[in-house]
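Given next are the chains, with one letter for each unit.
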Amino acid sequence: MATVNPLYPVNLPEEQKGLKLHHFDTLTGKQLTPQEHPETVKNSLAEYFAQHYDHEIQFRIGTIEENVTTVADLTKHDNLSLQFSSGDRFFFSNDETLRDRIFPLPSDAAAYGSNVFTECNRFHCVENAKVLVIDDETGENGFGLDPEQAKRLVADCQGKIDNQLHKDLGNEAHRPFQFRFGTNPQTNDPVHRLAKGTLAPRDLSQYTGGESFDLILPTSSFKGRRTEDQHQIQPGVYHWDFGLGNKTDAYSNRQSLGAQVLGFYPKTVETEISPIVEARLQKLAEIRENPRELALDYVEGEKQQRQYQQTEEAFLPHPEAESEEDISEISQILATDAAHYGQLLEHKKVTDTLEQYTQKQYKQLAMGQAIRFKGSLLQAHPDLNAGEICDPQLPNQSEIIATRAPTLNSNGVITLTNTHLVDSDAMKDKGVVYMNPTDAAAYLQGDFDGDALSRSVFDLRIAYERADLYPAFAAEVKERQVSAAFLPSMTIPTATAIFPLPKMRMLPELKTGCGTRSQSMPMR
């Protein structure tokens with residue numbers, strides 16, 4: 001049985017936890033952060049990897065100037081050499097060979113460097129664990145499972161964790177999570193490994209003839225060792241000590257569609273969206289000069305948001321608040337005062353809060369954010385057919401409208417049938433929605449690692465809602481799917497074509513950076 005320990009000793013003071021990362025200018029070498037205030041990154045693979053070595057491994061972050069910084073500027077600074085990069089963050093270390101031990105190909109240190117320094121909510125060291133690795137394309141598993149049956153256990157970057165280990169790690173029952181996984185060199189596997197994706201808690205022995213496993217991982221989750229490396233991950237049974245981080249728990253919330261989606265559907269905007277926006281504008285105009293009514297509107301909005309979060313058991317605070325405590329305090333004050341006394345409506349804290357609330361309301365209406373769909377983490381399920389989706393909290397066999405940001409054309413919004421699964425475990429999962437993997441890939445740019453394909457460009461949370469609430473929207477979506485307006489093939493530009501990123505995105509050994517790798521979808 002696997003044993004679990006936290007990354008940090010229980011009695012370690014909070015201020016001593018995490019990597020302390022100072023920023024410096026790669027042109028001048030000057031430190032940019034105050035000595036006493038470095039950036040702190042906690043619960044990361046970088047820290048887990050560094051603890052493996054007897055010598056102290058230090059990291060610093062180099063900044064660049066677009067169109068000014070050259071490859072020569074990224075060579076060495078104060079005996080620190082460039083090891084990893086993530087966007088415009090360049091990670092230097094005093095260990096010159098760390099990158100080579102984790103990523104034999106320098107380009108992988110740019111493509112996957114961010115994963116080394118991803119901060120997780122929780123991170124644990126797991127010892128004496130048993131892991132089954134399955135090729136999610138062929139079903140090869142090295143354990144004797146039928147390949148077709150083995151393929152059903154995994155998807156692209158989507159695996160499973162045994163219920164007991166899930167509990168030992170401090171996770172909530174029935175709630176999948178995004179993970180970061182790493183191994184240090186050990187007797188039965190002499191190299192570092194890195195993996196990412198999502199894990200769903202299950203009794204794994206039900207899939208393996210009663211034999212106990214702690215994790216089932218797809219080969220697609222492993223990053224950085226490709227076919228040219230003799231240590232490329234192979235399907236099979238592994239006995240590992242590893243580090244495992246919970247990056248984010250799966251959760252549901254409300255997502256604004258925005259003008260990007262609605263711009264493809266003029267009939268919907270005219271017949272369904274505009275009346276909603278106009279009605280809200282009319283109400284705001286009526287209550288803006290009435291502090292009591294405006295305060296009650298604010299309280300009602302907070303109440304609806306909280307009711308939804310409680311229903312969905314989401315972990316996130318209100319998206320527009322500084323903290324949970326601030327929301328609770330100001331809402332309670334306004335609810336009580338506006339309903340009974342009206343003595344605090346002219347207090348500066350209250351007037352500032354209501355003015356900010358009003359401005360946000362107008363801004364959201366102007367940006368097409370009046371329509372909010374449910375948002376959840378997308379996961380694959382092999383029992384769903386083409387055209388099917390599963391959210392247990394929505395009516396069985398109801399029609400669903402689904403999309404995922406960014407919506408590049410009318411291919412990116414589809415109608416599906418909500419089909420409740422026979423799989424009782426999946427029906428208990430929290431914060432996720434299930435789809436047929438082929439549909440997800442064809443229409444919603446979907447893999448299932450729970451992360452962005454490129455920073456701030458593609459997000460694996462999908463937005464969806466019952467079609468009967470927006471019948472004109474559903475009809476126009478179908479019309480575009482069956483008419484000449486439907487685009488038969490989706491063109492997905494590179495990240496740099498959508499949002500300009502720094503051109504200097506290469507390691508010294510590279511001729512081209514990860515931002516210009518190809519015209520296909522960027523690597524995860």
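Above this text is the structure in question.
About the thresholds
- Residues numbered from 1 in each chain as written.
- Predicted model: local features only at pLDDT ≥ 70, side-chain atom pairs only at ≥ 80, totals over all residues.
- Heavy atoms only, no water.
- Buried < 20%, exposed > 50% of the residue type's maximum accessible area, 1.4 Å probe, protein only.
- Helix = DSSP H or I, 4+ residues; strand = E, 2+ residues; numbered from the N terminus.
- Pairing = 2+ DSSP bridges.
- Salt bridge = Lys/Arg side-chain N within 4 Å of Asp/Glu carboxyl O.
- Phe/Tyr/Trp six-rings, centres within 6.5 Å; stacked < 30°, edge-to-face > 60°.
- Lys NZ or Arg CZ within 6 Å of the ring centre and 35° of its normal.
- Axes fitted to C-alpha atoms, helices over the stretch in contact; angles between N-to-C directions.
- Parallel < 35°, antiparallel > 145°, perpendicular 65-115°, else oblique.
- Left-handed = near helix turned anticlockwise from the far one by under 90°.
- Contact = heavy atoms within 4.5 Å.
- Nonpolar A, V, L, I, M, F, W, Y, C, P; charged D, E, K, R; others polar.

This paragraph deals with the pairing of strand E20 (residues 461-466). On a regular strand, each side chain points to the face opposite its neighbour's, so the side chains alternate between the two faces of the sheet. E20 sits mainly inside the fold: five of its six residues count as buried. Where strand E15 (residues 372-380) meets E20, four bridges bridge the pair, whose relative direction is antiparallel. Its bridge partner being in E20, leucine 377 is matched across the sheet by arginine 461. Note that strand E17 (residues 399-403) and E20 share four bridges and pair antiparallel. By the bridge assignment, threonine 403 is partnered in E20 with alanine 463.

With the rule as written, the count across this model stands at 25 salt bridges. Across the pair arginine 99 and aspartate 100 runs a salt bridge, and its minimum N-O distance is 3.9 Å. Since its relative accessible area comes to 38%, aspartate 100 is described here as partly exposed. Taken together, the shared-partner salt bridges in this structure form one network comprising Glu14, Lys17 and Lys42.

Taking strand neighbours across the sheet as the criterion, the six strands line up as E3-E2-E4-E7-E6-E5 in an open arrangement whose pairing is mixed. The open sheet terminates on both sides in strands that have one partner only, identified here as strand E3 (39-41) and strand E5 (76-77). For E5 and strand E6 (residues 80-86), the ladder comprises two bridges, and the chain directions are antiparallel. Note on E6: the bridge partner recorded for histidine 77 is leucine 80.

With that settled, the discussion passes to the packing of aromatic side chains. Within a pair of aromatic rings, the relevant descriptors are the distance that separates the centres and the angle that separates the planes. Taken as a whole and assessed by the stated rule, the structure comprises 18 aromatic pairs. Seen in terms of ring centroids, phenylalanine 143 and phenylalanine 213 are 5.1 Å apart; in terms of plane orientation they differ by 85 degrees. Their pairing is edge-to-face. Pair noted here: phenylalanine 143 is in the loop between strand E8 (122-134) and helix H5 (147-151) and phenylalanine 213 is in the loop between strand E11 (193-202) and strand E12 (215-218), with a separation of 70 residues, a long-range link. The class for phenylalanine 143 is partly exposed, based on a relative accessible area of 24%. Three or more aromatic residues joined by ring pairs make a cluster, and in this case those are Phe59, Phe84, Phe91, Phe103, Tyr112 and Phe117. Here the guanidinium or amino end of lysine 130 rests over the ring plane of phenylalanine 213, the centre of that ring lying 4.7 Å away. One residue, arginine 480, lies across the ring of tyrosine 265, its end atom 5.6 Å from the ring centre.

Taking burial as the measure, the nine residues of E15 include eight buried ones, the bulk of the element. Direction of pairing for strand E14 (residues 253-256) relative to E15: antiparallel, over a ladder of four bridges. Residue pairing across strands places arginine 254 opposite lysine 374, the latter belonging to E15. Sheet topology note: the E15/strand E19 (residues 432-435) ladder contains four bridges and is parallel. Bridge assignment links alanine 380 to a residue of E19, and that residue is methionine 435.

Look at helix H8 (residues 266-287) against helix H11 (residues 348-366): their axes get within 11 Å of each other, and the N-to-C directions meet at 160 degrees. One way to sum up the angle between H8 and H11 is to call them roughly antiparallel. Read as a crossing pair, H8 and H11 show a hand that is left-handed. Along the contact surface, H8 presents Val277, Arg280, Leu281, Leu284 and Ala285, while H11 presents Tyr357, Gln361, Tyr362 and Leu365. A per-class count over the contact of H8 with H11 returns seven nonpolar, one polar and one charged.

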